[in-house]
Amino acid sequence: MNLASSLPGPRVRASALRHRRAKPQSGVIVFIALIALLALSLAAAALLRSTDTASVISGNVAFKNATTNAADTGAERAFNALPALAVADADVANRYFRLMQAVDANGVPSTINWANVLCYDTAGGTAAVSCTDESTYRVQYVIDRLCTTAPALTDPLTLLTSKCVAGQPFSAGGGSVDDNTSSHAQTTNVFGSLAPPPPTRPTIHYRVTVRVQGPRNTSSIVQTTIELPYG
């Protein structure tokens, strides 16, 4: 009888021990859940930041492409201004050089001081615009004649080529004088501002350097070469 009556005692104590051991387990689960929630929050914040960065990069690329495309208007302005500058045959500060200029590692004339070069809009306006208005696209251009020595009007082609980057007369450019499909005719009349050139005059090349500034401090520099008759 004494043995039977003593059996329930240990069962009650074991049950109490199980209840006491279960309480700390609920706290561990909450702690793990908090860690998981924190990790998810950090992942969400990183995703949002990545999305914002991608949007900024996409916007900057779009503005960069727009400044590059706007350089065409600078080349057109230079082409329209070049005939008068070439005939005058004199340096014009911050606009035209009679002789080829030294260039930097990127091939841009190092003598250009862009802070002193006039800015124009992309709509074809004739008046200069503010170079500090960062909400618009500002176009600048500088021309230098590709000659190491000033040529003379009487120089034959053989002598001219020793002084300048020069070419054959337009009549020798691959096509008849009246053939508007020749490369020379296209070069000279691409913007429609020049009359057909005399076919016997040699040509000289001019380098046009265009810089375009746009929103978000974007900037593009584009160069093109124009070939015009000389002499």
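## Here's the deal with the overall build of the chain
Counting its secondary structure elements, the chain contains four helices and five strands. Tracing the chain from N to C terminus, the helices and strands come up as α-α-β-β-α-β-α-β-β. By residue count, 29% of the 231 residues in the chain fall in the buried class. For the chain, long-range pairs separated by at least 24 residues make up 64% of all intrachain contacts whose partners lie at least 6 apart in sequence.

## With respect to the side chain of Gln 140
Secondary-structure assignment places Gln 140 in strand β2 (residues 138-145). The class of Gln 140 is buried, set by a relative accessible area of 0%. Reaching out from Gln 140, the side chain makes a polar contact with the backbone oxygen of Val 117 at a distance of 2.9 Å. A polar contact is formed between the side chain of Gln 140 and the side chain of Gln 213, at a distance of 3.5 Å. Each residue touching Gln 140, except ones within four places of it in the same chain, is listed here: Trp 114, Val 117, Leu 118, Cys 119, Cys 131, Thr 209, Val 210, Arg 211 and Gln 213.

## Structural notes on the state of the cysteines
What the rule picks out here adds up to two disulfides. Residue pairing for Cys 119: its cysteine sulfur links by disulfide to Cys 131, the two sulfurs lying 1.9 Å apart. The disulfide joining Cys 119 to Cys 131 has a torsion of about 115 degrees about its S-S bond and is therefore right-handed. Here Cys 131 lies in the loop between β1 (96-97) and β2 and Cys 119 lies in the loop between β1 and β2, a separation of twelve residues in the sequence. Between Cys 147 and Cys 164 runs a disulfide, and the two sulfur atoms are separated by 2.0 Å. On the sign convention where negative is left-handed, the bridge of Cys 147 and Cys 164, at about 105 degrees about the S-S bond, is right-handed.

## Observations concerning the pairing of strand β5 (residues 219-229)
Here strand β4 (residues 203-213) pairs with β5 via eleven bridges, running antiparallel. Across the sheet, residue Val 212 finds its bridge partner in β5, namely Ser 220.

Criteria and thresholds
- Residues numbered from 1 in each chain as written.
- Predicted model: local features only at pLDDT ≥ 70, side-chain atom pairs only at ≥ 80, totals over all residues.
- Heavy atoms only, no water.
- Helix = DSSP H or I, 4+ residues; strand = E, 2+ residues; numbered from the N terminus.
- Buried < 20%, exposed > 50% of the residue type's maximum accessible area, 1.4 Å probe, protein only.
- Contact = heavy atoms within 4.5 Å.
- Polar contact = N/O pair within 3.5 Å; in protein donor to acceptor, adjacent residues only side chain to side chain.
- Disulfide = S-S within 2.5 Å.
- Pairing = 2+ DSSP bridges.

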